[in-house]
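Working through the structure, step by step
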Amino acid sequence: MLTPAAIAALRNPTTFTAAFPNVVRELKNYWINGYAQDEWKPLSNLTLNLGVRYDLQYRSFNNQLDFTGREVLRQLINPSSRHDNNNIGPRVGFAWDVQGNGKLLARGAYGRFYQYLPQGGMRNELGSLLQNSISITNPSYPDPYNGLSPSAFVTVSARPNVNVLDDKIKNMSGDTLTGGVSRQLTANLALHVDGVYTNLRNFARTQNINQPKPAFDFTTLDAATAARIAAFSAAQLNAARPLANWGNITQLTANGWSNYRAIYVRLDKRMANRYMFLVSYTRDWTRNSVSAVSDFYHPSLDEGPDGRKHSLVASGTARLPFAITLGAVWTIRTALAYSALSGVDFTGDGTTSRSGSFSTNVSGRVVKVLPNGNLQVEAAREMRVNGERQYLLIGD
């Protein structure tokens, strides 16, 4: 537990973030859907499913954004032009009892699906040039502003960094094709084999469209190149930006994608003779590019495999005497695909990162109730990440 004295004794912070003033964001979302579906049996052993669906996220892409006091944003965006009105998704499927005796079943289906664009991804644009967001790497401590007020610090030290939406933003869509066969082997035992292919497009993610153009030409990071990077000045950095009067322009766009292919084999025995079991194997071929674009000029670097290639799961249940039921599940699977980030600023946009995530609970206290009902909270937590001691501080 971090005490006030321990917090006061902290040194060498790695990151400081702050945002001011408070901004009220009005997010409007109209999600309109309609569908028609029918089932048809042209033969006694053949069933067809036919359907179509329409999805519309009507004028929900910050179309009503108010430019008052920030007319300069018109250089970057035109919210009134945003729309995605052609989201028509057909679906078709069949189930065929091949021999007419229920022992051999073939099935297949195809469908196109659409996903609404989450409002959380669009909220940042509403605060652009209305709210100042500060992120300082290796800040001074305990005063990260070096004696300036927060507003003065922003005024003298930064080109505007903004968050915007791509005017060509679209809803994510996906085509899914499945096919499979089920065969009854004995009265209580069946084998199932299925194949699945899913192609996702227009996956929403962010990219810095004002990233400085590449200033270094190298294939490996040697000491000399690292020294040149470290000596690269802010003036050189900004001169290499396509729009020199702006800082980072973080754009939410829809250019992510994912291709999922898998074969699923399952052997199951239903409950008989006081026991049942299921054994399944999945072979997964997934390749995608869905994370935030790390290098705007080389987006293919974010492409790679994903998921677990092999998964084997076995489970079973047995009924024992004295009304006791014994169950067990056994799983063996390959590791997730490895994704590495350099931790060095290869792109020249003034940021570095290491891939990873964690979740934690932080105990805090309410120190003030603001007039609008919001709560001002202070909290602290000590953690170890990658073998390093980290302190998470939350406060005003």
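All values derive from a computational prediction rather than experimental measurement. (Residues numbered from 1 in each chain as written. Predicted model: local features only at pLDDT ≥ 70, side-chain atom pairs only at ≥ 80, totals over all residues. Heavy atoms only, no water.)

1. A word on the overall build of the protein
Each helix and strand counted, the protein has five helices and 17 strands in total. When the 396 residues of the protein are sorted by exposure, 28% land in the buried category. In the protein, the proportion of contacts linking residues at least 24 apart, taken out of those at least 6 apart, comes to 66%. A total accessible area of about 24,900 Å² is found for the protein, and carbon and sulfur atoms account for 55% of it. (Helix = DSSP H or I, 4+ residues; strand = E, 2+ residues; numbered from the N terminus. Buried < 20%, exposed > 50% of the residue type's maximum accessible area, 1.4 Å probe, protein only. Contact = heavy atoms within 4.5 Å. Areas by Shrake-Rupley, 256 points an atom, 1.4 Å probe, with all protein chains shown as cover.)

2. With respect to a nonpolar patch on the surface
A grouping of Leu185, Leu191, Val193, Ile263 and Trp285 is seen on the molecular surface, where their side chains present a nonpolar patch of about 380 Å² in accessible area. Summarising the element assignment, Trp285 is placed in strand β11 (residues 275-289). Trp285 sits in the partly exposed class, given a relative accessible area of 32%. (Patch = residues over 30% accessible without salt bridge, like charges linked within 9 Å, V, L, I, M, F, W, Y side chains within 5 Å. Salt bridge = Lys/Arg side-chain N within 4 Å of Asp/Glu carboxyl O.)

3. Looking at the confidence of the model for the protein
The predicted model of the protein averages 84 in pLDDT, with 80% of residues at 70 or higher. In the model, residues 352-356 has pLDDT below 50 throughout and makes twelve contacts with residues more than four positions away in sequence or in other chains. (pLDDT = per-residue confidence, 0-100.)

4. What to know about the pattern of salt bridges
Should the charged atoms of two oppositely charged side chains come close, the side chains can pair. Counted according to the given criterion, the structure contains eight salt bridges. As a salt-bridge pair, Arg82 and Asp167 come within 2.9 Å of each other at their nearest N and O atoms. Placement of the pair is Arg82 in the loop between β3 (46-57) and β4 (88-97) and Asp167 in the loop between β7 (162-165) and β8 (172-184), with a sequence separation of 85 residues. Through salt bridges with shared partners, one network takes in Arg82, Glu125 and Asp167.

5. What about the side chain of Asn63?
The topology assignment puts Asn63 in the loop between β3 and β4. The buried category is assigned to Asn63, whose relative accessible area is 6%. A distance of 2.9 Å separates the side chain of Asn63 from the backbone oxygen of Arg82, its partner in a polar contact. Once residues within four sequence positions are removed from consideration, Asn63 is found in contact with Pro79, Ser80 and Arg82. (Polar contact = N/O pair within 3.5 Å; in protein donor to acceptor, adjacent residues only side chain to side chain.)

6. Focus: the nonpolar core
Counting nine residues, the largest nonpolar core is built from Leu65, Phe67, Leu73, Ile77, Leu126, Val162, Val164, Trp246 and Ile249. Ranked by size, the runner-up nonpolar core spans seven residues in total, among them Leu117, Met122, Ile169 and Leu252. (Core = buried A, V, L, I, M, F, W, Y, C linked by side-chain atoms within 4.5 Å.)

7. Let's talk about the side chain of Ser128
Relative to the helices and strands, Ser128 resides in the loop between α2 (123-126) and β6 (132-137). Under the relative-accessibility criterion, Ser128 is labelled buried at 5%. Side-chain polar atoms of Ser128 contact the backbone oxygen of Asn163, separated by 2.6 Å. If sequence neighbours within four positions are ignored, Ser128 has contacts with Arg70, Leu73, Val162 and Asn163.

8. Topic: the environment of Val98
Mapped onto the elements, Val98 comes out in the loop between β4 and β5 (104-115). Given the relative accessible area of 30%, Val98 is considered partly exposed. In this structure the C-alpha to C-alpha distance between Val98 and Leu46, which are 52 residues apart in sequence, comes to 8.5 Å. The residues touching Val98, leaving out its near neighbours within four places in the chain, are Asn45, Leu104 and Ala106.

9. Examining unusual backbone geometry
Of the consecutive residues Phe20 and Pro21, the connecting peptide bond is found in the cis state with omega at -10°. With respect to the element layout, Pro21 can be found in the loop between β1 (15-20) and β2 (31-43). In this structure, Asn62 is a non-glycine residue whose phi angle is positive, near 55°. With respect to the helices, strands and loops of the structure, Asn62 is situated in the loop between β3 and β4. For Asn146, which is not glycine, the phi torsion reads 55° and is therefore positive. Within the fold, Asn146 resides in the loop between β6 and α3 (150-157).

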